[in-house]
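Here is how the chains run, residue by residue.
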Amino acid sequence: MSNADRHGLIAKAVRDSGGATVQELAELTGASEMTIRRDLDTLAAQGVLERVRGGARTLLLRGEEPPFALRAHEAVAAKQRIAAEIVALVADGESVLLDSGTTCLEAARLLRERPVTVMPLSLQAIHLLGETPGRATLVVPGGQPRAAEGALTGPLTLASLAALRFDTAIIGCCGLSAADGLTAYDLDDASVKKAGIASARRAIVAADGSKLGHTAYAHVTPAGLLHTVVTDATAPADEVAALETAGTLVKTV
């Protein structure tokens, strides 16, 4: 098991159970207790969990948005497949709005090598697209980054979106269901997603299977207004069918 896979498994175990001991995590991963202690120190430094005597416990309260550092360790392979499928749907020469979030960051890695114009809505994606010369043209919006998330929100972000029109908006997902539509954990983030969808000819939603059938706090838009949803094979089949009935194209990778 690679370090990244082990870290992801540890982060999920601590999150799901609320906490775990070093011994429990060693049995789960097959690693030594010394290795697990080093892993926990690393994950604690990243803000994924809290280190306590003999193990770790989650920093996440029920109903809160999981922190970016924690989400970055979850379903990595699925997010990479989703990102690849989404970027394949983007044609050369398009203007692309790229939402915040871990799956959208994977899309940024691929868009960097495409002849497209990209306006990212997170500091992480702006840095990624700007640090190494690629084929993409970078456009930087205004806005105030959310602490620990890097997602840009506020009046300057909304003004940037209102001033431009995009061929495609790639939208991150906190929750999506046919009944409740696309939802977000944060009201400001929901406003940005809504404005981003309104500024584009089509909206493609990146949603790993855990997001389908889940409803977060702030409503963004009905599912029927989304052009395409790209998800993975863990998505609930009944929810996929309901989204398709609502008029949304669902692609599973």
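Refer to the structure printed above.
Here's a quick rundown of the structure.

What counts and what doesn't
- Residues numbered from 1 in each chain as written.
- Predicted model: local features only at pLDDT ≥ 70, side-chain atom pairs only at ≥ 80, totals over all residues.
- Heavy atoms only, no water.
- Helix = DSSP H or I, 4+ residues; strand = E, 2+ residues; numbered from the N terminus.
- Contact = heavy atoms within 4.5 Å.
- Salt bridge = Lys/Arg side-chain N within 4 Å of Asp/Glu carboxyl O.
- Pairing = 2+ DSSP bridges.
- Axes fitted to C-alpha atoms, helices over the stretch in contact; angles between N-to-C directions.
- Parallel < 35°, antiparallel > 145°, perpendicular 65-115°, else oblique.
- Left-handed = near helix turned anticlockwise from the far one by under 90°.
- Nonpolar A, V, L, I, M, F, W, Y, C, P; charged D, E, K, R; others polar.

Within the secondary structure layout, Ser 122 lies in the loop between β5 (117–120) and α7 (123–131). The contacts of Ser 122, once residues within four sequence positions are left out, are Ser 100, Gly 150, Ala 151 and Leu 152.

Inspection of the entire model under this criterion finds eleven salt bridges. Here Asp 208 and Lys 211 are joined by a salt bridge, their closest N and O atoms 3.6 Å apart. Several salt bridges share partner residues, and in doing so they unite Asp 99, Asp 189 and Lys 193 into one network.

What follows covers the sheet that holds strand β10 (residues 175–177). Read from one edge to the other, the open sheet built from three strands follows the order β10-β11-β13, with strand pairing classed as antiparallel. Sheet topology places β10 and β13 (218–221) at the edges, where each strand pairs with a single neighbour. Adjacent strand axes in the sheet meet at a mean angle of 30°, parallel and antiparallel pairs treated alike. Sheet topology places strand β11 (residues 181–184) next to β13; three bridges connect them, and they run antiparallel. Residue Thr 183 lies in a different strand from β13, and its bridge partner there is His 219. Each of β11 and β13 is contacted by helix α9 (residues 187–198), which is oriented at about 5° to β13, the strand it contacts most.

A word on the packing of helix α6 (residues 102–111) against α7. The interhelical angle for the contact between α6 and α7, taken along N-to-C directions, is 15°, at an axis separation of 9 Å. Judged by the angle between their axes, α6 and α7 are roughly parallel. Read as a crossing pair, α6 and α7 show a hand that is right-handed. Facing α6, whose interface residues are Leu 105, Ala 108 and Arg 109, α7 presents Gln 124, Ala 125, Leu 128 and Leu 129. Along the lines of polarity and charge, the residues of the contact of α6 with α7 split into five nonpolar, one polar and one charged.

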